[in-house]
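One letter stands for each residue in the lines below.
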Amino acid sequence: MDGILNGIRVLDFGRYIAGPFCAALLGDFGAEVIRIEKLDGSEDRFVAPVADGGEGALFMQMNRNKLGMTLNPMKPEGREVVKQLVKTADVVVANLPPETLVAMGLDYASLKATKPEIILTTVSAFGHGGPYSNRVGFDGVAQVMAGSVYMTGEPGRPMRAAVAWVDFGTALSCAFGTMAALMARQQTGKGQQVEGALLKTAMTFTNATLIEQAVIDINRVSTGNRGQTSAPSDVIQVKDGWIVVHVVGQPLYERWAKLMGEPEWLTDPRFKDDISRGDNGKLISARMAEWCKTRTTAEALAALEQARVPAGPVYSPQQALDDEHVNAMGFMTGLDYPGMHKNAPVMKTHVNLSETPGSVRHRAPTLGEHTDRIMAELGYSKAQVAELRKKRVV
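Conventions we followed
- Residues numbered from 1 in each chain as written.
- Predicted model: local features only at pLDDT ≥ 70, side-chain atom pairs only at ≥ 80, totals over all residues.
- Heavy atoms only, no water.
- Pairing = 2+ DSSP bridges.
- Helix = DSSP H or I, 4+ residues; strand = E, 2+ residues; numbered from the N terminus.
- Axes fitted to C-alpha atoms, helices over the stretch in contact; angles between N-to-C directions.
- Contact = heavy atoms within 4.5 Å.
- Expected span 1.5 Å × (residues − 1).
- Core = buried A, V, L, I, M, F, W, Y, C linked by side-chain atoms within 4.5 Å.
- Buried < 20%, exposed > 50% of the residue type's maximum accessible area, 1.4 Å probe, protein only.
- Salt bridge = Lys/Arg side-chain N within 4 Å of Asp/Glu carboxyl O.

Colleague: Explain the sheet that holds strand 4 (residues 91-94) here, please?
Modeller: Ordered by their spatial adjacency, six strands build an open sheet running 3-2-1-4-5-8, and the pairing between neighbours is parallel. Single-partner strands in this sheet number two, and they are strand 3 (66-70) and strand 8 (193-197). The average angle at which neighbouring strand axes cross in this sheet is 20°, direction not considered. As judged from the three bridges shared by strand 1 (residues 9-12) and strand 4, these two strands associate in the parallel manner. Within strand 4, the residue paired with Asp 12 across the bridge is Val 93. Where helix 7 (residues 165-188) meets the sheet, its contacts fall on strand 4, strand 5 (119-124) and strand 8, and the angle it forms with strand 5 comes to roughly 160°.

Colleague: Help me out: how do you make sense of helix 7 in this one?
Modeller: Since the α-helix turns once every 3.6 residues, residues separated by three or four places project in the same direction. Over its 24 residues, helix 7 extends 34 Å from the first C-alpha to the last, a length consistent with the 34 Å expected when each residue adds 1.5 Å. The positive-phi residue at the C-terminal boundary of helix 7 is Gly 189, with phi of around 80°.

Colleague: Whenever I open this one, the sheet that holds strand 9 (residues 233-238) confuses me. Can you help?
Modeller: Backbone hydrogen bonds are what pair the strands of a sheet, in a parallel or an antiparallel way. Read from one edge of the open sheet, three strands run 9-10-11, paired in antiparallel fashion. Strands at the two margins of the open sheet, each flanked by one partner only, are strand 9 and strand 11 (311-313). Adjacent strand axes in the sheet meet at a mean angle of 25° when their direction is disregarded. Across three bridges, strand 10 (residues 241-246) lies against strand 11 in antiparallel orientation. Of the residues in strand 11, the one forming a bridge with Ile 243 is Pro 313. Here helix 12 (residues 281-292) sits on the sheet and contacts strand 9 and strand 10; the angle it forms with strand 9, its principal contact strand, is near 30°.

Colleague: Sorry, what's going on with the nonpolar core here?
Modeller: Across soluble globular proteins, nonpolar side chains show a tendency to be buried alongside one another. Grouped together as the largest cluster of nonpolar side chains are 30 residues, with contacts concentrated most on Leu 11, Phe 13, Leu 71, Leu 85, Val 92, Leu 106 and Met 375. Every residue in contact with Met 375, bar those within four places of it in the chain, is listed here: Met 69, Val 81, Tyr 380, Val 385, Leu 388 and Val 394. By size, the runner-up hydrophobic cluster in this structure holds 23 residues, among which are Val 247, Trp 291, Ala 303 and Ala 307.

Colleague: I'm lost on the pattern of salt bridges in this one. Help?
Modeller: Should their charged atoms come close, side chains of opposite charge can pair. Tallying each qualifying case throughout the model produces 20 salt bridges. Arg 35 is the partner of Glu 37 in a salt bridge, and the nearest nitrogen-oxygen pair spans 3.7 Å. Arg 35 matches Glu 37 in its accessibility class, with the two residues each being buried. Glu 77 serves as the salt-bridge partner of Lys 391, at 3.5 Å between the closest nitrogen and oxygen. In this pair, Lys 391 sits in the segment after helix 17 (382-390) while Glu 77 sits in helix 3 (residues 76-88), placing the two residues 314 residues apart along the sequence. Residue classification places Glu 77 among the partly exposed residues on the basis of a relative accessible area of 28%.

Remember that the coordinates give geometry; whether it matters functionally is a separate question.
This is the structure we're talking about:
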C-alpha cells in the first residue's frame, strides 16, 4: 500500500537532525524526499562514522527512504536548478540561517515567487524576531537556556542530556506542522511557512518547571537522578547494576509501601502527598536503596512488576539492542550501506497508524547517488549535467 503522502515531493536542504528527521518522517509516510547536500558531502554525513567512506550513524537514521543529490545553490546555475526543483515540489525543508536561505534562494519569498503553493519548513536556533534571531546554536545550547541542564546533574555540576532531545522534539513538531500545512493547502490552495525553533521546543518541554518557578518562586536546584515532585523517583543500585523506580500518585505510592511491608509510610505526614514525598525524597530513596541492595536486577524488577510499581533496568546501548521486548516488537530494521560491514539497526517509524502506517523502505543514499536521475527528470541533458559537474554546480 502506498503511503498517505504518496505524490508529495519534499526537498530536504536540512543538516544534522531537526530538518532531516522532519523530512525523514514525511518520507516514512510515503513522500518522495530528495536529500540535497554539498558536493563533497555535508557535515552531518560524517557524524559518528560507521562506514568505510566515513558516513556516520546519524546519517543512516536521518536519511532513510531518501533520494540523494549534490548541488551548490550558491552559484547562479545552482540557483536555477533550485528553481526547477521547486516547481516540482510541495515542501522545502531547510534548517539553515536566514541569510543563507536568501543567498540560496530558499527564503519563503523566493520560493513563493517560483511556486505560490509551496510549503517552506524552517528550523532556527532561537526563532525570528528577537535579539538572538541571527545567532547560531545547537541542541545543547537550547537545553542549557531552557533551564533543563541546570536541573540535571548535581548542585554545582549541571549536566546536559546525552541524547539530542531538543533536535528530535523540534523535528517532530515541524513534521506535525508540515502535515497541518499540507491539510490547510488542500482546503485553501495556499502554501505557507512552517517555523520551528530549538529554544522554543526546549522551553515547551521544560514548561511545567518554568510555570512552577513563575507562580510560586520556588528556586529549585538539581538533585541528581532523584525526582522532586514525587517519590520514590530515582535511579537505584541493585546487586548487579542499576534500575529506575518511578512512583507518581497515591495509588502507586500505596503499592510501594505495601511492597516495603511498612504501613507507617502511609501515615507519616511527611509523605502525605506527591509534593511532600518529593520534598522528603532522600528518605524514601534511602529506603528504596536498602531494599534494592540485596536483590539482583531481575529479582528487583520482578517484585516491582508484581506490585505494579513502574521500574526498569538501566541499560547500556548494547543491552538496549539485545532486549527481548525490543526484538520481539521489531522496533528496528536492518539496513545495509556500501562500505558498512554490518547492517545498521535503524528505528522504524515510531508511531503506528492502523490503516496508513509509515515504513522504512530503503537505506540512506550515497553521496549524489540520484543526481543524474533527478536532473534528467528536470529536463537537463547528459551533456548539460556533465558541464554543471565540471563547474562544480552538481
